[in-house]
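# A look at the structure
Given next are the chains, with one letter for each unit.
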Amino acid sequence: MALKITVIGTGYLGATHAAAMAELGFEVMGLDVVPEKIDKLRRGEVPMYEPGLEELLRRHVAGIEGSTGRLRFTMDWAELGEFGDVHFVCVNTPQRHGEYACDMSYVDSAIASLAPHLKGPALVVGKSTVPVGSADRLAAYLAEHAPAGADAELAWNPEFLREGFAVQDTLHPDRIVVGVRSERSEKLLREVYATPVEEGSPFVVTDFPTAELVKTSANSFLATKISFINAMAELCEATGGDVAKLAEAIGYDDRIGRKFLRAGIGFGGGCLPKDIRAFMARAGELGADQALTFLREIDSINMRQRGRMVELTRQELGGGPFLGKRVAVLGATFKPDSDDVRDSPALNVAGQIHLQGGQVTVYDPKGMDNARRIFPTLGYADSALEAVRGAHVVLHLTEWQEFRELDPAELGEVAAERVVLDGRNALDAEAWRRAGWRFRAMGRPGA
Ligand code: UDX
């Protein structure tokens with residue numbers, strides 16, 4: 001009989017994973033403890049903006065006309081425990097307030113709520129990003145508290161999905177990593193992922209700590225790449241070099257590669273910043289903090305870029321205070337094709353200028369509601385053109401396609417001054433210059 005799958009936690013990761021599992025042909029039950037989320041999902045609505053996810057969900061959610069009906073949602077742990085053979089834990093692990101370490105309370109409470117309902121053989125699969133050593137601890141907890149005892153097994157299967165590409169990354173992962181302790185667990189996970197494996201996704205089998213470390217080390221490597229190129233941008237600025245050319249040139253070396261070498265205001269979001277911090281905190285607990293002290297520097301290079309953007313803006317406005325200056329900000333989300341503003345470098349820069357007296361007007365294609373919620377005192381406009389109207393300087397801070405397609409001549413008609421600063425090295429400098437704009441970008445020669 002086909003495996004039945006449950007997904008615990010229906011945020012970015014969980015909602016996407018549940019829909020993808022249904023797409024692969026499994027019967028799926030999703031659970032969340034927030035009733036509003038469940039109500040929305042039952043109507044086929046996605047709680048966030050993620051390209052393709054709503055369509056995928058609507059194709060499978062039971063009760064929606066024309067759907068396969070393979071995907072259902074519940075808030076009832078007993079129903080979930082009864083239903084599933086394989087339970088994926090997809091709850092979030094945010095940074096703990098006032099600390100670097102990650103907050104494991106959602107994972108711990110998910111496992112504690114599920115355990116008493118595991119009455120027969122079951123595999124619980126952790127997907128959340130956790131401190132190394134967590135899987136070992138949670139496996140012991142399950143064996144002790146599940147009525148099925150040792151038949152309630154644990155596996156760790158980190159998730160590498162990127163926001164904006166969540167559906168594609170889940171259906172066609174570039175690798176599947178499973179930390180397992182038994183052949184049975186491995187066999188079940190091979191069954192779950194049979195389709196992507198047949199399509200060529202590598203399937204890497206490891207022990208628990210390696211599986212946990214794969215995720216945090218991958219994110220640390222990506223963060224390092226971004227901070228590396230931003231450090232080079234600082235040197236380019238000090239020497240008159242051009243970091244975009246430099247990235248292109250070093251990127252032709254296929255040992256280095258061109259991806260993740262876009263200099264600018266740095267990384268943000270719900271993953272990279274908190275994951276590298278939690279990794280440092282965990283290394284400290286393990287007495288291995290020296291191994292990761294370099295991540296402190298990666299973090300500080302990254303955070304410094306936001307301040308550099310503020311200073312570049314100040315310079316372009318004549319060097320004094322921001323009082324009375326109108327600043328248009330294009331972009332609020334931490335990356336394009338997402339409505340996520342968590343730890344967004346763009347909003348951080350907008351906020352700093354606003355708090356120093358500048359009159360900031362923000363426009364973002366999808367992030368407006370979330371931005372307004374966390375930063376209600378900023379000005380907001382309904383379009384890029386409206387944000388730019390009357391501005392003394394335009395900041396491009398999130399690289400949406402929409403911004404690359406703007407007509408600099410049209411914007412030039414409404415701006416008070418034609419000065420644009422590209423914080424993402426993504427605009428066509430020549431096109432803006434031709435339309436009479438003074439164009440500056442981080443790590444590139446000026447005007
Ligand atoms: C990241 C990892 O890529 C993903 O594998 C993991 O599962 C979760 O964390 P995500 O948070 O969606 O995914 O964002 P990502 O695409 O990695 O971008 C992170 C940040 O880095 C963004 O703010 C982006 O603008 C910035 N970035 C990215 C750069 O500044 N320069 C680059 O060259 C690339």
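Residues numbered from 1 in each chain as written. Predicted model: local features only at pLDDT ≥ 70, side-chain atom pairs only at ≥ 80, totals over all residues. Heavy atoms only, no water.

## Observations concerning the sheet that holds strand E12 (residues 393-396)
- Strands sit in the order E11-E10-E9-E12-E13-E14 across an open sheet of 6 strands; the sheet is parallel. The open sheet has two free edges, formed respectively by strand E11 (379-380) and strand E14 (438-441), since each of these has just one partner strand.
- Note that strand E13 (residues 419-422) and E14 share 4 bridges and pair parallel. What sits directly across from Val-420, in E14, is Phe-439.
- Against the sheet, helix H13 (residues 293-316) makes contact with E12, E13 and E14, and its axis sits at roughly 165° relative to E13, the strand it touches most. (Pairing = 2+ DSSP bridges. Helix = DSSP H or I, 4+ residues; strand = E, 2+ residues; numbered from the N terminus. Contact = heavy atoms within 4.5 Å. Axes fitted to C-alpha atoms, helices over the stretch in contact; angles between N-to-C directions.)

## A short note on the site of the ligand
- Around the ligand, 20 residues are found, and the nearest of them are Phe-160, Leu-161, Glu-163, Phe-334 and Lys-335.
- Contact between the ligand and Lys-335: an oxygen atom at 2.8 Å from a side-chain N or O atom of the residue.
- A distance of 3.2 Å separates an oxygen atom of the ligand from a polar side-chain atom of Arg-424.
- Protein chains shield 94% of the accessible area of the ligand, which is 670 Å² for the free molecule.
- Of the residues forming the shell around the ligand, the biggest block, 4 residues, is contributed by helix H10 (residues 208-239). (Near = heavy atom within 4 Å. Polar contact = N/O pair within 3.5 Å; in protein donor to acceptor, adjacent residues only side chain to side chain. Areas by Shrake-Rupley, 256 points an atom, 1.4 Å probe, with all protein chains shown as cover.)

## So, the UniProt feature "domain: UDP-glucose/GDP-mannose dehydrogenase C-terminal" (unreviewed entry) in the protein
- Per the UniProt entry, the sites bearing "domain: UDP-glucose/GDP-mannose dehydrogenase C-terminal" (unreviewed entry) are residues 328-429 in this numbering.
- Secondary structure within residues 328-429 divides into 34% helix and 18% strand; the distance between the first and last C-alpha atoms comes to 18 Å. (UniProt positions renumbered as here; feature names shortened; annotations may be inferred.)

## Observations regarding the pattern of salt bridges
- This structure, assessed with the given rule, holds 30 salt bridges.
- In this structure, the salt-bridge partner of Arg-162 is Asp-169, at a minimum N-O distance of 2.8 Å.
- Taking the relative accessible area as the measure of exposure, Arg-162 reaches 36% and is therefore partly exposed.
- Given a relative accessible area of 13%, Asp-169 falls into the buried group.
- Its salt-bridge partner being Arg-308, residue Glu-237 comes within 2.6 Å of it at the nearest N-O pair. (Salt bridge = Lys/Arg side-chain N within 4 Å of Asp/Glu carboxyl O. Buried < 20%, exposed > 50% of the residue type's maximum accessible area, 1.4 Å probe, protein only.)

## Structural notes on the packing of H10 against helix H11 (residues 243-251)
- Remark: H10 packs on H11, axes separated minimally by 9 Å, with the N-to-C direction vectors making an angle of 130°. One way to sum up the angle between H10 and H11 is to call them oblique. In the crossing of H10 with H11, the sense of the turn from one axis to the other is right-handed. Residues Phe-228, Ile-229, Met-232, Ala-233 and Cys-236 of H10 form the contact with H11, whose own contacting residues are Val-243, Leu-246, Ala-247 and Ile-250.
- Residue composition of the contact of H10 with H11, grouped by class: 9 nonpolar, no polar and no charged. (Parallel < 35°, antiparallel > 145°, perpendicular 65-115°, else oblique. Left-handed = near helix turned anticlockwise from the far one by under 90°. Nonpolar A, V, L, I, M, F, W, Y, C, P; charged D, E, K, R; others polar.)

## As for the domain arrangement of the protein
- Per the domain assignment, the segments making up the protein are domain 1 (4-206) and domain 2 (207-447).
- Its C-alpha centre places domain 1 at a distance of 32 Å from the equivalent point of domain 2.
- Listed by partner, the interface residues are 35 residues for domain 1 and 29 residues for domain 2.
- For the pair domain 1 and domain 2, the two sides together bury roughly 2600 Å², of which 63% comes from carbon and sulfur.
- Viewed at the interface, domain 2 and domain 1 are joined by 1 salt bridge.
- The residue Arg-342 makes a salt bridge to Glu-163 at a minimum N-O spacing of 3.2 Å.
- Where domain 1 meets domain 2, there are 15 residue pairs in polar contact (both at pLDDT 80 or more).
- Put simply, the parts of the chain that give the side of domain 1 that touches domain 2 at least two residues each are helix H6 (134-145), strand E6 (152-156) and strand E7 (176-179).
- Of the residues forming the side of domain 1 that touches domain 2, the biggest block, 4 residues, is contributed by H6.
- When grouped by side-chain class, the residues that make up the side of domain 1 that touches domain 2 number 21 nonpolar, 8 polar and 6 charged. (Domains from an automatic or database assignment. Buried area = accessible area lost by both parts, 1.4 Å probe.)

## Looking at helix H12 (residues 272-285)
- Taking 1.5 Å as the rise per residue, H12 with 14 residues should run 20 Å; its terminal C-alpha atoms sit 20 Å apart, in good agreement.
- All of the buried residues along H12 are Leu-272, Pro-273, Lys-274, Asp-275, Ile-276, Arg-277, Ala-278, Phe-279, Met-280, Ala-281 and Ala-283. (Expected span 1.5 Å × (residues − 1).)

## Thoughts on the environment of Leu-395
- Its place among the elements puts Leu-395 in strand E12.
- Counting along the chain gives 49 residues from Leu-395 to Ala-346, while the straight-line C-alpha distance between them is 9.1 Å.

## A few points about the packing of aromatic side chains
- Counting across every chain of the model gives 3 aromatic pairs.
- Centre to centre, the rings of Tyr-363 and Phe-403 are 6.0 Å apart; their planes meet at 70°, and the pair counts as edge-to-face. You can see Tyr-363 sitting in strand E10 (residues 359-363) and its partner Phe-403 sitting in helix H17 (residues 401-404), a full 40 residues away along the chain.
- Tyr-363 sits in the buried class, given a relative accessible area of 8%.
- Ring geometry for Trp-432 against Trp-437: centres 5.0 Å apart, planes inclined by 70°, an arrangement best described as edge-to-face.
- On the accessibility criterion, Trp-437 (4% relative accessible area) is buried.
- In this structure, Arg-162 packs its charged tip against the face of Phe-165, placed 4.2 Å from the ring centre. (Phe/Tyr/Trp six-rings, centres within 6.5 Å; stacked < 30°, edge-to-face > 60°. Lys NZ or Arg CZ within 6 Å of the ring centre and 35° of its normal.)

## Brief notes about the environment of Gly-284
- Checked against the element boundaries, Gly-284 lands in helix H12.
- The class for Gly-284 is partly exposed, based on a relative accessible area of 34%.
- Taking C-alpha positions, Gly-284 is 33 Å from Val-33, a pair spaced 251 residues apart along the chain.

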